[in-house]
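The residues making up each chain are set out below.
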Amino acid sequence: MKILLLGGSGLIGSDCKEVLSQEYEVISPSSKELDIVSWDMVIENLQKIKPNIIINCAGFTDVDACEKEEYLVKKVNVEGPRNLAQGAARFNCRMVHISTDYVFSGQKTLPRPYFEDDPIDPISAYGRSKVESEVAIKENSPNYIIMRTGWLYGKNRDNFINSIIKGASGKAKSIKVFEDQFGSPTWTYRLALQILELLHSDIRGTFHATSEGSCSRLECAEYIIKQLKIKTTLKPVSVKSHHFAAKRPVNCILENRLLKKAGLNIMPEWKDDLDLYLNQYGKDIIKESKAKSAKIKKH
Ligand SMILES: NC(=O)c1ccc[n+]([C@@H]2O[C@H](COP(=O)([O-])OP(=O)(O)OC[C@H]3O[C@@H](n4cnc5c(N)ncnc54)[C@H](OP(=O)(O)O)[C@@H]3O)[C@@H](O)[C@H]2O)c1
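This one's a predicted model, so the numbers in the text were calculated from it and none came from an experiment.

(A) Quick look at the overall build of the protein chain. When you go through the protein chain residue by residue, the secondary structure sums to ten helices and twelve strands. Relative to the globule expectation of 19 Å for 299 residues, the C-alpha radius of gyration of the protein chain, 19 Å, shows essentially globular dimensions. The principal-axis extent of the C-alpha atoms belonging to the protein chain is close to 55 × 45 × 40 Å. When the 299 residues of the protein chain are sorted by exposure, 53% land in the buried category. The contacts of the protein chain with a sequence gap of at least 6 include a subset with a gap of at least 24, amounting to 82%. Carbon and sulfur atoms make up 50% of the accessible area of the protein chain, which amounts to about 14,400 Å² in all. Where the 44 positive side-chain charges of the protein chain centre and where its 37 negative ones centre are 6 Å apart.

(B) Here's a closer look at the site of the ligand. For the ligand, the set of nearby residues contains 24 residues, the closest of which are Ser9, Ser31, Thr61, Tyr126 and Lys130. Take Leu11: an N or O atom from its main chain is 2.8 Å from an oxygen atom of the ligand. A distance of 3.0 Å separates a nitrogen atom of the ligand from a polar atom in the backbone of Ile36. For the ligand, whose unbound accessible area comes to 910 Å², protein coverage reaches 82%. Of all the secondary structure elements, the ones that give two or more residues to the shell around the ligand are α1 (11-20), β4 (94-100) and α5 (125-140). For the shell around the ligand, the leading source of residues is β4, giving three residues. Taken together, the residues of the shell around the ligand break down into eleven nonpolar, ten polar and three charged.

(C) Focus on the packing of aromatic side chains. Counting across every chain of the model gives nine aromatic pairs. For the ring pair Trp151 and Phe160, a centre distance of 6.2 Å and an interplane angle of 50° mean the geometry is tilted. On the accessibility criterion, Trp151 (11% relative accessible area) is buried. Between Tyr223 and Trp270 the ring centres are 5.6 Å apart and the planes differ by 70°, which places this aromatic pair in the edge-to-face class. One end of the pair, Tyr223, is in helix α8 (residues 217-227); the other, Trp270, is in helix α10 (residues 270-298), and 47 residues separate them in sequence.

(D) Geometry of the state of the cysteines. Counting across every chain of the model gives zero disulfides. Cys57 supplies the cysteine sulfur nearest to Cys93, a cysteine that is in no disulfide, at a spacing of 15 Å. Classification of Cys93 by relative accessible area gives buried; the value is 4%.

(E) A look at the pairing of β4. Of all the seven residues making up β4, seven are buried; the element is thus mostly covered by neighbouring parts of the structure. In this structure, strand β3 (residues 53-56) lies alongside β4, joined through four bridges in parallel fashion. Within the sheet, the bridge partner assigned to Asn56 lies in β4 and is His97. Pairing of β4 with strand β5 (residues 144-149) involves six bridges; the strand directions are parallel.

(F) Geometry of the nonpolar core. Within the largest apolar cluster, 29 residues are counted, with the highest numbers of intra-cluster contacts made by Ile3, Ile55 and Leu199. Contributing elements (two or more residues each) for this core: β1 (2-6), α1, β3, β4, β5 and α7 (188-200). Residue contributions to this core peak at six residues, all from α7. If you look at the next biggest cluster of nonpolar residues, it comprises 27 residues, including Trp151, Ile175, Ile230 and Cys252.

(G) Structural view of the environment of Ile123. Note that Ile123 resides in the loop between β4 and α5. A relative accessible area of 24% places Ile123 in the partly exposed class. C-alpha of Ile123 to C-alpha of Ser105: the two residues are 18 residues apart in sequence and 5.5 Å apart in space. Those residues in contact with Ile123 that sit more than four places away from it in its chain are Ser105, Arg128, Lys247, Arg248 and Pro249.

(H) Structural context of unusual backbone geometry. In this structure, the amide linkage connecting Leu110 to the following residue, Pro111, adopts the cis form with an omega of 0°. Positive phi, close to 50°, is recorded for Lys50, a residue that is not glycine. Note that Lys50 resides in the loop between α2 (39-49) and β3. Look at Lys229: it is not a glycine, yet its phi comes out positive at around 55°. Turning to its location among the elements, Lys229 is positioned in the loop between α8 and β12 (233-237).

Thresholds, definitions, all that
- Residues numbered from 1 in each chain as written.
- Predicted model: local features only at pLDDT ≥ 70, side-chain atom pairs only at ≥ 80, totals over all residues.
- Heavy atoms only, no water.
- Helix = DSSP H or I, 4+ residues; strand = E, 2+ residues; numbered from the N terminus.
- Rg over C-alpha atoms; globule rule 2.2 N^0.38 Å.
- Buried < 20%, exposed > 50% of the residue type's maximum accessible area, 1.4 Å probe, protein only.
- Contact = heavy atoms within 4.5 Å.
- Areas by Shrake-Rupley, 256 points an atom, 1.4 Å probe, with all protein chains shown as cover.
- Lys, Arg positive; Asp, Glu negative; His and termini not counted.
- Charge placed at Lys NZ, Arg CZ, Asp CG, Glu CD.
- Near = heavy atom within 4 Å.
- Polar contact = N/O pair within 3.5 Å; in protein donor to acceptor, adjacent residues only side chain to side chain.
- Nonpolar A, V, L, I, M, F, W, Y, C, P; charged D, E, K, R; others polar.
- Phe/Tyr/Trp six-rings, centres within 6.5 Å; stacked < 30°, edge-to-face > 60°.
- Disulfide = S-S within 2.5 Å.
- Pairing = 2+ DSSP bridges.
- Core = buried A, V, L, I, M, F, W, Y, C linked by side-chain atoms within 4.5 Å.

Below you can see the structure in the form of C-alpha cells.
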C-alpha cells in the first residue's frame, strides 16, 4: 500500500512520515515538488505515484498571519485540499485530512467539550478556512477521514510545550502563561499512531482526536516545570487581555466521541503522553535552548 503524504516537513507530517513508514510505502514530496494549490502538480504526482491513500498534513498554519493573508490562506487551506480531494476521487484513493478545534468559537461553557456534530462557528480567518477545507473534502472525496485535533506538540517544530520548556529554562525570572484557555495537549507522535489505527479500519467520516482530559495553558506549564524540576515563576495572564491579530477560542476541548463509539480511540490522558515526551526530549530541548542563547550572547 502506498501513501502520498503532503506536509511531511511539518509538525504533524514529520511524525506521520516516521510512524506510517513502518507499515506503508510513504512518498512525501516537498511543497516545491508538489504545491497542493496547483491542480496540474496534484494530477501529475497522482499519475506518477499511484497512491492508495492521500494524507494531507499541509496547511497555512500561522493563525495571526491568516488574518492579513486571507487570499493566500484560501489557496493553501481550501483550494489545496479541494484539489487533493478531487484527485483522490479521480484516482480512487482514500483521503485523510487534518482539521482543527478552531472550527468552533470556543464559547461553549467550560468544561463541556465539543462533539463532532456541534455547530461550527469559527471566529478567525484560519478557522473559517479550515471549515471550508472540511466542506471541500466532504463534497469531493467519497472515501474521506477528517481528523480535528488541537494543542499539538512534537519534536520537529516549535510549539507551545517546547516554548514553555525553553522559556522556563532560560534567563527570564518569570514567564507569562494564559490561565483562561483550555484544551488537551496532544503529542503528534500519538496522533500519527491514531491515524494508523484508522487506516487499519475501513471507517470514514469526521473525528475528533486529542488526548484525554483537559487543562489550562497555565496548568500545563505548571506540570512541565514540576516534571522537569525547573525553577521559574509562572505569571498567569488572560488570553482576553492579549492583542493577537486573530481571536483565539477559549474552550478548545474536543471529545473523541466517534472514535470511542467505533472502538478506535487510542488517545491516552494528556499527562501520560507529556511524561513520555518530557522524558524523551525535555533535557535535549533545554540543552538546545541554552546553547542557542550562549551563541547569541557571543555575537
Ligand atoms: N499545529 C497544530 O496545533 C494544529 C492543530 C490542529 C490542526 N492542525 C492542522 O494540521 C495541519 C498540519 O499542521 P502543522 O502544524 O503540522 O503544520 P506546519 O508545521 O506549519 O507545517 C505545514 C506544512 O505544510 C506544507 N505546506 C504549506 N503550504 C503548502 C503547499 N502550498 N503545498 C504543499 N505543502 C505545503 C509545509 O511545507 P514547507 O515546509 O515546504 O513550507 C509544511 O510541511 C494543518 O492543516 C493545520 O491546520 C494543526
